[in-house]
Amino acid sequence: MTRRIINHPVLDKIDETNVISFTFNNTELRGLKNESLAAALLANGIRTLRVHEESGTPRGIYCNIGHCFECRVTVDGQQGVRACLTPLKEGINVSSGETFLTSVRDWRSENE
Amino acid sequence: MEKEMIICRCEEITYGKLVETANTYNCTSRELKLRTRAGMGYCGGRTCRNMVDSIAYSSSERISTEITLKYQPPIRPISFGDLGAVER
Amino acid sequence: MSKVIIIGAGPAGLSAAITIAENGLDVLVLDEYMIAGGRLLGQLYEEPNGNWWNGIKESQKLYEKAVELGVKIYLNTPVSNIEKIDDTWVIYTNTETYTTSHLLLATGAAEAPLPIPGWTLPGVMSVGAAQVMTNVHRVKPGYHGVIIGVNVLSSAIAMELKLAGIGVECIALPKMNKVTKESGNPMDVMNSLLHVSHMAPSTFVKLGSKLMKNEFMKKLGISFFPKSGVKMWDIPIMLRKAVIEIYGDGKVEGVKVATISPTGEVIAGTEEKIGADFVCIAGGLYPLAELAAVAGCPFYHIEELGGYIPLHNERMETTLDGLYVAGNITGIEGAKVAISQGITAGLSIIHNYGLSNQEAAIQAAIHHIEQTRKEAFIQFHPAVKEGKQKLKQHWENHRNSKKLEILS
Ligand SMILES: Cc1cc2nc3c(=O)[nH]c(=O)nc-3n(C[C@H](O)[C@H](O)[C@H](O)COP(=O)(O)OP(=O)(O)OC[C@H]3O[C@@H](n4cnc5c(N)ncnc54)[C@H](O)[C@@H]3O)c2cc1C
Ligand code: FES
């Protein structure tokens with residue numbers, strides 16, 4: 001059973017022909033060009049995008065619009081990329097967030 | 001169960017910890033954040049801010065004319081590769 | 001330096017950009033999302049006249065019109081900070097820094113969550129996340145889900161999920177605690193639902209809103225509210241059951257619900273499990289005003305508008321020179337109101353720029369906002385109008401105190 005909603009009773013049919021490949025944690029996957037990384041991964045049945053840096057609990061998308069930063073992944077070496085608002089491109093390598101060590105805490109240590 | 005429930009997802013601060021701190025120090029929302037680190041993680045409190053406020057205001061009064069809302073820039077993390085901006 | 005910069009390419013930001021460009025000023029719109037349209041993109045509902053409000057189409061129309069008029073729109077561009085240096089607003093993004101004399105904040109709203117044990121499990125998402133996955137990205141958030149939180153947005157999105165062929169087991173309340181408060185209290189939820197009864201194709205709710213005018217009838221109504229819920233679009237809406245836990249090993253497998261009393265207390269021994277592969281949390285919306293906060297705008301907490309609001313007047317001017325606000329940053333309402341606010345902000349900017357006198361147009365636009373509000377199909381808070389009145393009072397007080405400062 002596909003997770004994609006190709007036909008919809010009210011919305012237009014989607015174009016599912018522009019298929020490209022990318023990797024997630026070294027596994028080769030397929031997705032639609034320019035859809036969000038989060039959508040492409042979910043369409044492949046992948047919900048866990050990273051684990052919490054300290055406790056190791058699995059995390060996936062929460063807000064899907066860039067507010068919560070739960071979906072952050074590493075794309076071609078760039079860390080902290082939000083999967084919910086980053087368009088999928090041919091051949092990119094996506095991986096679960098690497099450990100940020102102390103940097104995550106420190107970048108906003110002055111906060112509040 | 002409820003005590004271990006997470007409120008701040010970024011820093012994994014629990015409901016139990018927040019309620020206990022709010023009761024012990026009878027603190028304002030801002031003080032509650034500083035004492036527990038709730039809302040001071042990666043997302044900058046966008047997700048849990050209202051919940052932390054609710055817990056704080058259940059033990060102290062909300063000042064509806066707070067006047068200045070405390071938010072610290074940057075409100076979106078900046079990666080090192082992105083620094084050194086120029087006018088386009 | 002662009003003449004005008006707008007942060008947010010939602011209905012408010014795009015409408016403002018169109019209005020400004022039509023009057024000959026060049027505009028730059030910045031947005032961190034990958035598609036223009038903001039939260040309008042995911043919206044889909046049938047209006048009373050039988051027409052569908054298709055958010056994707058509406059967004060496209062606004063976007064194309066703006067581009068046609070020469071508006072520059074940079075997507076995938078998060079703004080991390082703004083500050084005023086001398087007479088110039090400086091806007092910091094992840095790549096570049098921009099400057100302008102007239103800056104409009106149209107950053108919209110964010111969702112407030114309801115905490116439930118287990119809500120960090122993959123597969124738990126905000127109800128808006130499920131809306132965007134379904135209607136914008138066209139990927140099912142799951143095959144059968146549970147929605148926690150009974151309100152306007154969750155009922156609307158439940159219907160949208162159904163429409164896309166996604167199963168919704170039920171919409172239930174969250175267990176009451178210091179955070180969920182009214183959202184976990186059946187009486188309070190019933191009260192708020194009565195205000196949206198016109199949207200519900202359910203005879204129970206429709207009849208209910210007529211019958212339940214007084215407190216006694218309401219209490220009776222909630223006591224007799226069937227434990228298995230009342231169906232809306234074939235989805236059971238449960239006002240007498242609360243989700244006490246989301247369970248699963250590494251991902252959502254279901255929720256535990258328990259029967260609750262009319263005042264929200266869990267009745268021991270009534271726990272049961274409902275299987276689900278995704279869970280949506282619907283805690284309501286609040287204005288996303290972080291940039292107005294770092295800029296130093298004064299704020300007021302106005303419940304009817306959804307939270308802390310940056311002080312502004314009907315012309316969408318803030319107390320800071322050259323800084324404007326429009327859309328959901330000024331209070332939670334539907335997209336049509338956001339559009340009319342965007343137009344008003346656009347006219348104010350043109351007027352203040354001194355190119356042409358827009359006084360009459362501004363007054364008409366302000367009137368149009370009120371009209372749109374009155375006719376709105378979706379109203380997130382029944383007392384928005386009163387909320388706006390409060391804000392107006394705060395504005396006058398602020399102005400008067402400024403006048404006093406100058407005099408003394
Ligand atoms: C999840 C969700 C679902 C909703 N569903 C409905 C619905 O079904 N029906 C309804 O009537 N209303 C709904 N609303 C209310 C909605 O806010 C309004 O209908 C309308 O979209 C508000 O328009 P706006 O232009 O003010 O803001 P938005 O449409 O929210 O647009 C704001 C834009 O600003 C951008 N932005 C914010 N901060 C930054 C930043 N720092 N840097 C760069 N860009 C930024 C965002 O990416 C976004 O594109 C929903 C709101 C949310 C949050
Ligand atoms: S899911 Fe919240 S930022 Fe991506």
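Residues numbered from 1 in each chain as written. Chains lettered and ligands numbered in written order. Predicted model: local features only at pLDDT ≥ 70, side-chain atom pairs only at ≥ 80, totals over all residues. Heavy atoms only, no water.

## A word on the site of ligand 1
Consideration 1: Within the structure, ligand 1 sits among 35 residues, and Asp 31, Arg 39, Gln 43, Val 79 and Asn 328 of chain C are positioned closest to it.
Consideration 2: Two or more chains meet at ligand 1, and those chains are chains B and C.
Consideration 3: Glu 32 of chain C places a polar main-chain atom, nitrogen or oxygen, 3.1 Å from a nitrogen atom of ligand 1.
Consideration 4: Between ligand 1 and Arg 39 of chain C, the relevant distance is 2.8 Å, taken from an oxygen atom to a main-chain nitrogen or oxygen of the residue.
Consideration 5: Protein burial of ligand 1: of its 960 Å² of free accessible surface, 99% is covered by the chains.
Consideration 6: Of the residues contributing to the shell around ligand 1, the split by class is 17 nonpolar, 12 polar and 6 charged. (Near = heavy atom within 4 Å. Polar contact = N/O pair within 3.5 Å; in protein donor to acceptor, adjacent residues only side chain to side chain. Areas by Shrake-Rupley, 256 points an atom, 1.4 Å probe, with all protein chains shown as cover. Nonpolar A, V, L, I, M, F, W, Y, C, P; charged D, E, K, R; others polar.)

## Topic: the confidence of the model for chain B
The predicted coordinates of low-pLDDT regions are not to be read in fine detail.
Residues and elements named next belong to chain B.
Consideration 1: Mean pLDDT over chain B works out to 83, with 80% of the residues at or above the 70 mark.
Consideration 2: The low-confidence segment residues 81–88 (pLDDT under 50) makes 19 contacts with residues lying over four places distant or belonging to another chain.
Consideration 3: Confidence estimates for the predicted assembly give a pTM of 0.93 and an ipTM of 0.92. (pLDDT = per-residue confidence, 0-100. Contact = heavy atoms within 4.5 Å.)

## Digging into the sheet that holds strand S8 (residues 97–100) of chain C
Residues and elements named next belong to chain C.
Consideration 1: Here we have 3 strands laid out as an open sheet, ordered S6-S7-S8, and antiparallel in their pairing. Single-partner strands in this sheet number two, and they are strand S6 (79–85) and S8. Within this sheet the neighbouring strands show an average axis-to-axis angle of 20 degrees, counted without direction.
Consideration 2: Note that strand S7 (residues 88–93) and S8 share 4 bridges and pair antiparallel. (Pairing = 2+ DSSP bridges. Helix = DSSP H or I, 4+ residues; strand = E, 2+ residues; numbered from the N terminus. Axes fitted to C-alpha atoms, helices over the stretch in contact; angles between N-to-C directions.)

## Considering the interface of chain A and chain C
Consideration 1: Contacts between the two partners involve 38 residues from chain A, matched on the other side by 40 residues from chain C.
Consideration 2: Summed over both partners, the interface of chain A with chain C buries about 3,300 Å², with 60% contributed by carbon and sulfur atoms.
Consideration 3: The largest share of the area that chain A buries against chain C comes from Ile 5, Arg 47 and Tyr 62 of chain A, three residues that together contribute 22% of it.
Consideration 4: Linking chain A to chain C there are 2 salt bridges.
Consideration 5: A salt bridge links Arg 82 of chain A to Glu 32 of chain C; its shortest N-O distance comes to 2.7 Å.
Consideration 6: Of all the elements in the fold, those that place two or more residues in the side of chain A that touches chain C are helix H1 (37–43) and strand S4 (58–59) of chain A.
Consideration 7: Counting residues per element, the side of chain A that touches chain C draws most heavily on H1 of chain A, at 4 residues.
Consideration 8: Of the residues contributing to the side of chain A that touches chain C, the split by class is 19 nonpolar, 11 polar and 8 charged. (Buried area = accessible area lost by both parts, 1.4 Å probe. Salt bridge = Lys/Arg side-chain N within 4 Å of Asp/Glu carboxyl O.)

## Observations concerning unusual backbone geometry
Consideration 1: In the segment running from Pro 73 of chain B into Pro 74 of chain B, the intervening peptide bond is cis, with an omega of -5 degrees.
Consideration 2: When you line up the elements, Pro 74 of chain B lands in the segment after helix H3 (49–57).
Consideration 3: Of note in this structure, Asn 64 of chain A is not a glycine but carries a positive phi near 65 degrees.
Consideration 4: For Asn 64 of chain A, the location among the structural elements is in the loop between S4 and strand S5 (72–75).

## Observations concerning the packing of helix H1 (residues 11–22) of chain C against helix H2 (residues 55–68) of chain C
Residue and element names in this part refer to chain C.
Consideration 1: Contact geometry of H1 with H2 gives a least axis separation of 9 Å together with a crossing angle of 30 degrees. In this view, H1 runs roughly parallel relative to H2, as classed from their interaxial angle. As H1 packs across H2, the resulting crossing turns out to be left-handed. Seen from H1, the contacting residues are Pro 11, Leu 14, Ser 15, Ile 18 and Glu 22; seen from H2, they are Ser 59, Leu 62, Tyr 63, Lys 65 and Ala 66.
Consideration 2: The residue inventory of the contact of H1 with H2, partitioned by class, reads 6 nonpolar, 2 polar and 2 charged. (Parallel < 35°, antiparallel > 145°, perpendicular 65-115°, else oblique. Left-handed = near helix turned anticlockwise from the far one by under 90°.)

## Thoughts on the side chain of Arg 72 of chain A
Residues and elements named next belong to chain A.
Consideration 1: Along the chain, Arg 72 turns up in strand S5.
Consideration 2: Judged by relative accessible area, which is 4%, Arg 72 ranks as buried.
Consideration 3: Reaching out from Arg 72, the side chain makes a polar contact with the side chain of Glu 53 at a distance of 3.2 Å.
Consideration 4: Of note is the side chain of Arg 72, whose polar atom sits 2.8 Å from the backbone oxygen of Phe 69. (Buried < 20%, exposed > 50% of the residue type's maximum accessible area, 1.4 Å probe, protein only.)

## A look at helix H1 (residues 15–25) of chain B
Consideration 1: Along H1 of chain B, the residues classified as buried are Tyr 15, Gly 16, Leu 18, Val 19, Thr 21 and Ala 22 of chain B.
Consideration 2: Just beyond H1 of chain B, the residue with positive phi is Asn 26 of chain B, at close to 50 degrees.

## Details of the packing of helix H2 (residues 29–36) of chain B against H3 of chain B
Residue and element names in this part refer to chain B.
Consideration 1: It is the contact of H2 with H3, at a shortest axis distance of 9 Å, that shows an interaxial angle of 110 degrees. Considered as vectors, H2 and H3 are oriented roughly perpendicular to each other. The way H2 lies across H3 gives a crossing that is right-handed. Residues Ser 29, Leu 32 and Lys 33 of H2 touch H3, and the partners they reach there are Arg 49, Val 52, Asp 53, Ile 55, Ala 56 and Tyr 57.
Consideration 2: Residue classes in the contact of H2 with H3 are distributed as 5 nonpolar, 1 polar and 3 charged.

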